[in-house]
Amino acid sequence: MALNIGLVGTGWFSKVHSKILYNFPEVKFKAVCGTSKEKADSFASDFTDVRGYANLTDMLDGENLDAVYISVPPFAHGEIEIALIERGIPFFVEKPLGTNIETPQHILKEIEKKSLITSVGYHFRYMDSTRKLKSLLSDYQVGMVLGQWSGSMPLVPWWRNQEGSGGQLIEQTTHIVDLLRFVCGEVEEVSSYFGNRVMHNQVDSVTVADVGTVNLKLSNGIVANISNTCILPNDYFRAGLTFYTDKGLIDLSHDKLVVNSQLIKEEFENKQNPYELENKAFIHAVLTGDTSGILSDYQDAFRTQQVTYAALESVEKGTPIRIIKK
């Protein structure tokens, strides 16, 4: 049996997923929906027997789809997910879940009514280095974690607009927040500071902060700080977490794990493609109903959204924000 798959979105992440899916023998990539028929047709032209659509309803009516991938800007979430839920179609959605908390919360409630299979694109969870780290940490007592996502500002208009992207913490640094949760446990409270230092003087219509830092208190007593900036020139980039433990330091970045401790001093590099692994897990779940390989479903990703949105609230209200468990 081959699954009929459709995509919503014609950007970078859609290209990543489509190229992977197109080579899966258990998948038939059937259709793509874009913001215009021209964009969708242009995207589809790179593949054989893939149709382009400018309207989601037309794609769902015109194709017998078993699952759909959603790769759209943060502000575009909501109606797409609800349309798929109403039809009982499993979906894979790229992070973040939205620019606010209300839209993902509504989507989550509807998902839970139907027990729909979902997966969210927190691909850092699928890295070999992350798996290795989780296997090592039982021998360490983590006291503090420092994280960062530092790079340049994406120049697509929606990204530099607060209402379009939700800001850097929600749109990009969410990966690091999610990694912290995945490895160390749930966040109980956050306190944040954001600032505008550079980009509002260099690029038109910037309403997102270009520097920020968030202090996080975890329910198990670990304390953490995650900072981000988008003021760096192109080609300058750092992202990851540093774990301060009773036996030394452990660094997890986007490509490797470096352990410098009393127990071992070693580097572990990623061998497998985490994007391919997350796709395999989702496709396997839709084919078999076995969701054990999905490391981030919508319910779990919502908790990451709670943390990043609470950080934004902390800045707006000038006070720490406690995370209310849903």
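In the block above lies the structure referred to throughout.
Residues numbered from 1 in each chain as written. Predicted model: local features only at pLDDT ≥ 70, side-chain atom pairs only at ≥ 80, totals over all residues. Heavy atoms only, no water.

1. A word on the overall build of the chain
Quick note on the threshold: Helix and strand assignments come from DSSP, with helices taken as H or I runs of at least 4 residues and strands as E runs of at least 2, each series counted from the N terminus. Note that the radius of gyration is over C-alpha atoms, with the globule rule given as 2.2 Å times the number of residues to the power 0.38. Each residue's exposure class comes from its accessible area (1.4 Å probe, protein chains only) as a fraction of the maximum for that residue type: buried when under 20%, exposed when over 50%, partly exposed otherwise.
The secondary structure content of the chain amounts to eleven helices and 15 strands. Over its C-alpha trace the chain gives a radius of gyration of 20 Å, about what one expects of a compact globule, namely 20 Å for 326 residues. Based on the C-alpha atoms only, the size of the chain along its principal axes is roughly 55 × 45 × 40 Å. Buried positions account for 54% of the 326 residues belonging to the chain.

2. A short note on the pairing of strand β11 (residues 238–245)
Every regular strand shows the same layout, with side chains that alternate between the two sheet faces. The line we're drawing: When DSSP finds two or more bridges between two strands, those strands count as paired.
The buried fraction of β11 is high, at six of eight residues. The pairing of strand β7 (residues 142–150) with β11 spans eight bridges and is classified as antiparallel. Within β11, the residue paired with Val142 across the bridge is Thr245. Counting the residues that bridge the hairpin from β11 to strand β12 (residues 248–253) gives two residues.

3. As for the nonpolar core
Selection rule: Nonpolar core, defined: a set of buried Ala, Val, Leu, Ile, Met, Phe, Trp, Tyr and Cys residues in which side-chain atoms within 4.5 Å join the residues together. Only heavy atoms matter for contacts: two residues are in contact if any of them lie within 4.5 Å across the pair.
Val145, Leu180, Val190, Leu216 and Phe243 are the most contacted members of the largest nonpolar core, which totals 38 residues. No other element matches helix α9 (residues 174–184), which puts seven residues into this core. When near neighbours in sequence (up to four residues on either side) are disregarded, Val145 contacts Leu180, Cys184, Ile222, Val223, Ala224, Asn225, Leu241, Thr242 and Phe243. Membership of the second largest hydrophobic core comes to 33 residues, among which are Val68, Leu116, Tyr122 and Tyr309.

4. A few points about the pairing of strand β9 (residues 211–218)
Judged by which residues are buried, β9 turns out to be one-sided: Gly212, Val214, Leu216 and Leu218 face inward and are buried, whereas Val211, Thr213, Asn215 and Lys217, on the alternate face, are not. By the bridge criterion, eight bridges tie strand β8 (residues 187–195) to β9 in an arrangement that is antiparallel. The residue bridging Tyr193 from the neighbouring strand is Thr213, located in β9. Hairpin remark: β9 followed by strand β10 (residues 223–229), antiparallel, with four residues in the connecting loop; positive phi at Gly221, about 100 degrees.

5. Things to note about the pattern of salt bridges
Note the following rule: For this document, the term salt bridge refers to a Lys or Arg side-chain nitrogen within 4 Å of an Asp or Glu carboxyl oxygen.
In total, this model carries 20 salt bridges according to the counting rule given. Asp300 serves as the salt-bridge partner of Arg303, at 3.2 Å between the closest nitrogen and oxygen. Here the residue Arg303 and the residue Asp300 both occupy positions in helix α11 (residues 298–317), the gap between them amounting to three residues, near one helical turn.

6. Comments concerning helix α6 (residues 128–136)
Buried residues of α6: Asp128, Ser129, Thr130, Leu133 and Leu136, and no others. Buried-residue contacts for α6 involve α9, β11, β12, β13 (256–261) and β14 (265–269).

7. Digging into a nonpolar patch on the surface
Operational definition: Each patch is built from residues lacking any salt bridge and having more than 30% relative accessible area; the joining distance is 9 Å for like charges and 5 Å for nonpolar side chains (Val, Leu, Ile, Met, Phe, Trp, Tyr). To measure how exposed things are, a 1.4 Å probe is used in the Shrake-Rupley method; for residues, cover is taken only from the protein chains shown.
On the surface, a nonpolar cluster with roughly 360 Å² of combined accessible area is contributed by Met144, Leu146, Val223, Tyr244 and Leu249. In this fold, Tyr244 is placed in strand β11.

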